[in-house]
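Listed here are the chains, written in short residue letters.
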Amino acid sequence: MESHAITNVKRKKSPASAPQPHWKDEMASSFSCVGDLLDYLGLPVDPRLGNGEPSRRFPFRVTAAFAGRMKKGDPDDPLLLQVLPVDQELLERPGYFADPVGDLLSVAVPGLLHKYHGRALLIATGACAINCRYCFRREFPYAGSQLTRSRQSEALAHIADDASIAEVILSGGDPLLLDDRRLADLLDGIAAIPQVRRLRIHTRLPIVLPSRITSDLARILGGTRLKPVLVVHANHANELDAKVGKALQALHNAGVALLNQSVLLKGVNDTEDALAELSETLCDHGVLPYYLHLLDKACGTGHFDVQEISALALYEGLQRRLPGYLVPRLVRETAGAPYKVNAFQGNYLP
Ligand SMILES: *Cc1c(COP(=O)(O)O)cnc(C)c1O
Ligand code: SF4
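A quick note: this is a predicted structure, and the numbers were derived from the prediction, not measured.

The element strand β7 (residues 257–263) is extensively covered by neighbouring structure, given that five of its seven residues are classed as buried. Sheet topology note: the strand β6 (residues 227–233)/β7 ladder contains five bridges and is parallel. When the bridges of β7 are listed, histidine 233 appears paired with glutamine 261. The β-α-β motif built from β6, the intervening helix α10 (residues 242–253) and the parallel element β7 has right-handed crossover chirality. Two strands pair when backbone bridges link them, and β7 and strand β8 (residues 288–293) are joined in this way by five bridges, in the parallel orientation. By the bridge assignment, asparagine 260 is partnered in β8 with proline 289. Since β7 and β8 lie parallel, the crossover through helix α11 (residues 272–284) that links them has a hand, and here it is right-handed.

What follows is about the domain arrangement of the protein. Parsing the protein into structural domains produces domain 1 (21–90) and domain 2 (104–349). A C-alpha centroid distance of 23 Å is found between domain 1 and domain 2. Taken together, the 27 residues of domain 1 in the interface contact 32 residues of domain 2. Summed over both partners, the interface of domain 1 with domain 2 comes to about 2,500 Å²; 60% of that surface belongs to carbon and sulfur atoms.

Before going further, it helps to spend a moment on the pairing of strand β4 (residues 167–172). Buried residues dominate β4, accounting for six of its six residues. Across the two faces of β4 the burial is the same, with Glu167, Ile169 and Ser171 and Val168, Leu170 and Gly172 all buried. Relative to β4, strand β3 (residues 119–125) runs parallel, the two sharing six bridges. The residue of β4 that forms the bridge with arginine 119 is glutamate 167. As paired strands, β4 and strand β5 (residues 198–202) are joined by four bridges and run parallel to one another. Bridge assignment links leucine 170 to a residue of β5, and that residue is isoleucine 201. In this view, the connection linking β4 to its parallel neighbour β5 by way of helix α7 (residues 180–191) has right-handed handedness.

Criteria and thresholds
- Residues numbered from 1 in each chain as written.
- Chains lettered and ligands numbered in written order.
- Predicted model: local features only at pLDDT ≥ 70, side-chain atom pairs only at ≥ 80, totals over all residues.
- Heavy atoms only, no water.
- Buried < 20%, exposed > 50% of the residue type's maximum accessible area, 1.4 Å probe, protein only.
- Helix = DSSP H or I, 4+ residues; strand = E, 2+ residues; numbered from the N terminus.
- Pairing = 2+ DSSP bridges.
- Right-handed = clockwise from strand over helix to strand, strands pointing away.
- Domains from an automatic or database assignment.
- Contact = heavy atoms within 4.5 Å.
- Buried area = accessible area lost by both parts, 1.4 Å probe.

This is the structure:
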């Protein structure tokens, strides 16, 4: 067991009175009231907000770091639109469901989704630093799948029992909201399972809370015997600023492979220019685009939907314009399918 453990992680014993790490303070001072954000942006009361019911159903939350990249005075800023709880969320639309991707069908043990061959996905926490209105997990019953200590043992036992699992994916919520000690302990547990080769982390924190990427964290991620792969989530080039760049650089220096996934969102990134600029900016920061998801049809997200025919036209344009390695795979999550299904099946026709 010990031979797999993380060895070069310094675990400082800090006295109870020690100050919070900067990132925790920053989390605590996030915007949790839409009015405060609009004030900050110099925007008037927004009629799109309706009576505030959407944010009672799915709380409003955005970090100051992310809000700081929104354009002041622009009600249609692509970052603002991702977090603004608008009245349209309340519209009931046919074809929208609480669990559009069939996650609840693939729960192996509480908190562990085993949906695809060779990969098991562990819900490390239900919490996020930012609440994205288009999120397909907005209705996921997190309270029932928090990773308690006993669930962690149960999940690790399930993984250990399945020789086919070569990759463990930490997801959520945002797994990097676990503190360093808890995360290092979890990584030790995973690394102790001999057939697991890769650790993948799906996180939005390098983008929305770059201060979370401390040198301690980089050491933890780089210090495991597992190959670390980190999939960040940015939808627009404006989400990447110098601080984000520094965080990504630190991860890269620690030996972490960096990929990005995004969601095709009406009003946010549904132009060829926006998508091309996102890919190029990611590449500037050493991140390769991995997936561009068509919207998962979760209740309350319909106003972000881009018609499939427009999506395909955009995608064709991207392919003409960018090197192949900067074109993400356009995929649709299909409940019951054994992989994320390519939306673009067409051949080139002159
Ligand atoms: C997306 C996803 C994965 C990973 O799929 P990849 O195609 O390998 O990125 C694994 N498990 C679940 C439940 C997923 O939703
Ligand atoms: S899980 Fe990801 S997409 Fe969903 S709210 Fe959290 S950060 Fe946003």
